[in-house]
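# Residue-level structure breakdown
Letter by letter, the chains look like this.
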Amino acid sequence: MSHRELYCDVCEGVAPFEVPPCVDGHGTDCPELICTGCGAAVVLVTAITVPVTQLADRRRRQPTRRHAA
């Protein structure tokens, strides 16, 4: 099992965390960690990429121009 020291909100301090047996096949790279002091679980998240798309120009709404009355 891999050990890391992270801040634990339950223990209110730095505590060793370990990777539990991973059923998803991640091995030591599993994003789930468990505090060895209190058993609190933490999931580490790495960079998330989200594709950004733009509407075609013909579908883009033109701003409405208003004139003073």
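The structure this text deals with has already been given above.
Please read these numbers as outputs of a predicted model, since none were measured by experiment.

The next point concerns the overall build of the protein. From N to C terminus, the protein includes zero helices and four strands. Helices and strands appear in the protein in the N-to-C order β-β-β-β. For the protein, the residues scored as buried account for 14% of the 69 residues in total. The long-range fraction of contacts in the protein, counting pairs at least 24 apart against all pairs at least 6 apart in sequence, stands at 21%. Of the accessible surface of the protein, which amounts to about 6,300 Å², a share of 52% is contributed by carbon and sulfur atoms.

Within the largest apolar cluster, eight residues are counted, these being Cys-8, Ala-15, Phe-17, Val-19, Cys-30, Leu-33, Cys-35 and Ala-40. If near-sequence neighbours (up to four positions away) are discounted, Ala-40 is found in contact with Cys-8, Val-10, Phe-17, Leu-33, Ile-34 and Cys-35.

With that out of the way, let us pick up unusual backbone geometry. Phi is positive for Glu-12, which is not a glycine, with a value near 55°. Along the chain, Glu-12 falls in the loop between strand E1 (3-8) and strand E2 (13-18). Residue classification places Glu-12 among the exposed positions, given a relative accessible area of 65%.

What follows concerns the environment of Asp-29. Take Asp-29: it is sitting in the loop between E2 and strand E3 (32-35). With ten residues separating them along the chain, Asp-29 and Val-19 place their C-alpha atoms 8.3 Å apart.

One can find Phe-17 in strand E2. Along the chain, Phe-17 and Arg-4 lie 13 residues apart, while their C-alpha atoms are 5.1 Å from each other.

Across all of its chains, the model carries zero disulfides by this definition. Summary of cysteine pairing: Cys-22 is not part of a disulfide, and the nearest cysteine sulfur, belonging to Cys-30, is at 3.4 Å. Lacking any disulfide linkage, Cys-38 is separated from the closest cysteine sulfur, that of Cys-11, by 3.7 Å. Exposure remark for Cys-38: the relative accessible area of 36% places this residue in the partly exposed category.

Rules of the game
Residues numbered from 1 in each chain as written. Predicted model: local features only at pLDDT ≥ 70, side-chain atom pairs only at ≥ 80, totals over all residues. Heavy atoms only, no water. Helix = DSSP H or I, 4+ residues; strand = E, 2+ residues; numbered from the N terminus. Buried < 20%, exposed > 50% of the residue type's maximum accessible area, 1.4 Å probe, protein only. Contact = heavy atoms within 4.5 Å. Areas by Shrake-Rupley, 256 points an atom, 1.4 Å probe, with all protein chains shown as cover. Core = buried A, V, L, I, M, F, W, Y, C linked by side-chain atoms within 4.5 Å. Disulfide = S-S within 2.5 Å.

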